[in-house]
Amino acid sequence: GENEVVLGIDEAGRYFLDGRALPEGTLEAQLRSIFAARTEDKILYFKADNQLKYGKIQEAVETARRAGVRVMAAITEPTAQQALFGDTEEEEGN
C-alpha cells in the first residue's frame, strides 16, 4: 500500500529509505519520525543485497526495533533467500 516503508541496504552497507540514500547514522531518527506518528502499520519492509553480511542486517533490525518498528518483513529474490540466513561463502569454501 501507500503506507509501505522500504529499507534497502546495498552491498556496501549503505541504507536507502524508499529509494533515497540516507546519510550515515541517520537511520534510527528517520524511522522514528515515520513510525512515531503511526498507531498501526508499524511495518518496515527491507530489501538487502545478497552479498551483504548477516551482521549488517542484524544491525538494521536492531535499529528498526529501537525506532519503534513492530514488524520487519524481508523482501528477497529467490536466490537471496540463502544469503539472508548465514554466510554462503563459508559453505562453498571460497
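Reading the values: the criteria
- Residues numbered from 1 in each chain as written.
- Predicted model: local features only at pLDDT ≥ 70, side-chain atom pairs only at ≥ 80, totals over all residues.
- Heavy atoms only, no water.
- Helix = DSSP H or I, 4+ residues; strand = E, 2+ residues; numbered from the N terminus.
- Buried < 20%, exposed > 50% of the residue type's maximum accessible area, 1.4 Å probe, protein only.
- Lys, Arg positive; Asp, Glu negative; His and termini not counted.
- Salt bridge = Lys/Arg side-chain N within 4 Å of Asp/Glu carboxyl O.
- Polar contact = N/O pair within 3.5 Å; in protein donor to acceptor, adjacent residues only side chain to side chain.
- Contact = heavy atoms within 4.5 Å.
- Pairing = 2+ DSSP bridges.
- Axes fitted to C-alpha atoms, helices over the stretch in contact; angles between N-to-C directions.

Visitor: Break down the side chain of Arg38 for me, with residues and values.
Guide: Within the secondary structure layout, Arg38 lies in the loop between helix H1 (27-35) and strand E4 (43-48). It is Asp41 that comes nearest to the buried, bridge-free Arg38 among opposite-charge side chains, at 5.2 Å. At 3.0 Å, the side chain of Arg38 and the backbone oxygen of Asn3 are in polar contact. When residues no more than four places from it in sequence are discounted, the contact partners of Arg38 are Asn3 and Val5.

Visitor: Report on the pairing of E4, specifying residues and quantitative values.
Guide: Side chains of E4 alternate between two faces, with Leu44, Phe46 and Ala48 buried and Ile43, Tyr45 and Lys47 left unburied. When strand E1 (residues 5-9) meets E4, the two strands line up parallel, connected through 5 bridges. Residue pairing in the sheet places Leu7 in a bridge with Phe46 of E4. Here 4 bridges tie E4 to strand E5 (residues 71-74), and the two strands are oriented parallel to one another. Its bridge partner being in E5, Tyr45 is matched across the sheet by Ala73.

Visitor: Could you give me a rundown of the environment of Met72, with the residues and numbers involved?
Guide: Following the sequence through the fold, Met72 ends up in strand E5. Met72 gets classed as partly exposed once you look at its relative accessible area, which sits at 26%. Spatially, the C-alpha atoms of Met72 and Val6 are 9.9 Å apart, while their sequence positions differ by 66 residues. Leave out the neighbours within four places in its chain, and Met72 touches Leu44, Phe46, Ala60, Val61 and Ala64.

Visitor: Run through the sheet that holds strand E3 (residues 20-21), naming residues and quoting values.
Guide: Strand order in the open sheet formed by 5 strands is E3-E2-E1-E4-E5, and the pairing between neighbours is mixed. In this open sheet, the two edge strands, each paired with only one partner strand, are E3 and E5. Sheet strands in contact with H1 are E1, strand E2 (15-17), E3 and E4, and its direction is about 20° off that of E2.

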